[in-house]
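Each chain, letter by letter, is given below.
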Amino acid sequence: MKAVAYSPSGKLAAAGGATGTLITWTPGQADPTAVPGAGTAALESVAFGPRGTNLATGGDDNDIRLWTVSGTGHLQAAHSPISPGAAFVTCVAFSPDASTLGACWESSVVLYDTTTWSQVASFPLSRPATSAVFSPDGATLTTADAGGVTRRWHLPSPASYQVPGEAFFVQYAPRGAMLTATTAGPTGTVTFFDDRDPLHPRKLAALTMPAGFGPVAGSATLGPRGHLVAVADTTA
């Protein structure tokens, strides 16, 4: 699996695979269910909306796909696919008020109005972003890339800092207490940083994946309480 996400309630999880497969499941209770029509190529990113009633995916078919999520976890296509450009969609993220969807592709971060799905802003990138997240107040969008650079887009002025290794995941912890950026190397180690002082990011913890897990270069997500992390490798 290349992307994984929890719903805000933690009652549903979704993951996207290298063949364009999208699956959902109730953690600890039900077997995964495949969602038809999720894509024709690898899914690079999966993101729930803040109320858990919407889901967005982005992938190597150059499309953003949008879904509504029922109370039972059933997904239904909500809009025709959106193509921000002729390149892979590497990350998607909803703003906290669900009014904006951010999407990353080869050379840009693009913001969409979720009412009209029209493009409202675009910011240039020096290399493709691997992950994106809005701050709790919606005023900042943070992106990470494989060069280890994390940028804060203060809409529109960005700030950035370097962390060791490849940055492939960024997410705010519950209550917005800190931003957790994850980097990975070929040994399958996941490292968490507190970047409340972006000039001096502080290492919090490092997790070593079990033997045979594979290089951790796919995706990760924190549970809604911040006590559980799910990590996906790139072997499926």
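For the structure itself, look to the data block above.
This report concerns the structure included in the present document. Since the structure is predicted, the reported quantities are computational estimates derived from the model, not experimental observations.

Let us look at unusual backbone geometry. Peptide bonds are trans in most cases, and residues, glycine excluded, mostly fall at negative phi. Look at Asn62: it is not a glycine, yet its phi comes out positive at around 75°. Residue position: Asn62 is located in the loop between strand 6 (54–59) and strand 7 (64–69). Since its relative accessible area comes to 21%, Asn62 is described here as partly exposed. In this structure, Ala98 is a non-glycine residue whose phi angle is positive, near 65°.

As a further point, take the nonpolar core. Of all hydrophobic cores here, the largest spans 15 residues; its most connected members are Ile64, Leu66, Val92, Leu101 and Tyr112. When contributions to this core are tallied by element, the ones reaching two or more residues are strand 7, strand 9 (91–94), strand 10 (100–105) and strand 11 (108–113). The element that contributes the greatest number of residues to this core is strand 10, accounting for three residues. Counting 14 residues, the second largest nonpolar core, distinct from the first, contains Ala5, Leu22, Val35 and Phe48.

Another aspect to go through is the state of the cysteines. The bond known as a disulfide is covalent and runs between the sulfur atoms of two cysteines. On inspection of all chains with the given rule, the structure shows one disulfide. One disulfide in the model links Cys91 with Cys104; its S-S distance is 2.3 Å. Taking the sign of the torsion about the S-S bond as the criterion, the disulfide between Cys91 and Cys104, at about -100°, is left-handed. Of this pair, Cys91 sits in strand 9 while Cys104 sits in strand 10; the two residues are 13 residues apart in sequence, bridging distant segments of the chain. On the basis of relative accessibility, which here comes to 1%, the residue Cys104 falls in the buried class.

Topologically, Met1 is positioned in the segment before strand 1 (3–6). According to the relative accessible area criterion, Met1 is partly exposed, its value standing at 26%. Between the alpha carbons of Met1 and Thr19 there is a distance of 9.1 Å; along the sequence they are 18 residues apart.

Taken as a whole and assessed by the stated rule, the structure comprises one aromatic pair. Measuring from ring centre to ring centre gives 5.5 Å for Phe123 and Trp153, while their planes differ by 20°; the resulting arrangement is stacked. You can see Phe123 sitting in strand 12 (residues 119–124) and its partner Trp153 sitting in strand 15 (residues 149–153), a full 30 residues away along the chain. Given the relative accessible area of 10%, Phe123 is considered buried.

Thresholds applied
Residues numbered from 1 in each chain as written. Predicted model: local features only at pLDDT ≥ 70, side-chain atom pairs only at ≥ 80, totals over all residues. Heavy atoms only, no water. Helix = DSSP H or I, 4+ residues; strand = E, 2+ residues; numbered from the N terminus. Buried < 20%, exposed > 50% of the residue type's maximum accessible area, 1.4 Å probe, protein only. Core = buried A, V, L, I, M, F, W, Y, C linked by side-chain atoms within 4.5 Å. Disulfide = S-S within 2.5 Å. Phe/Tyr/Trp six-rings, centres within 6.5 Å; stacked < 30°, edge-to-face > 60°.

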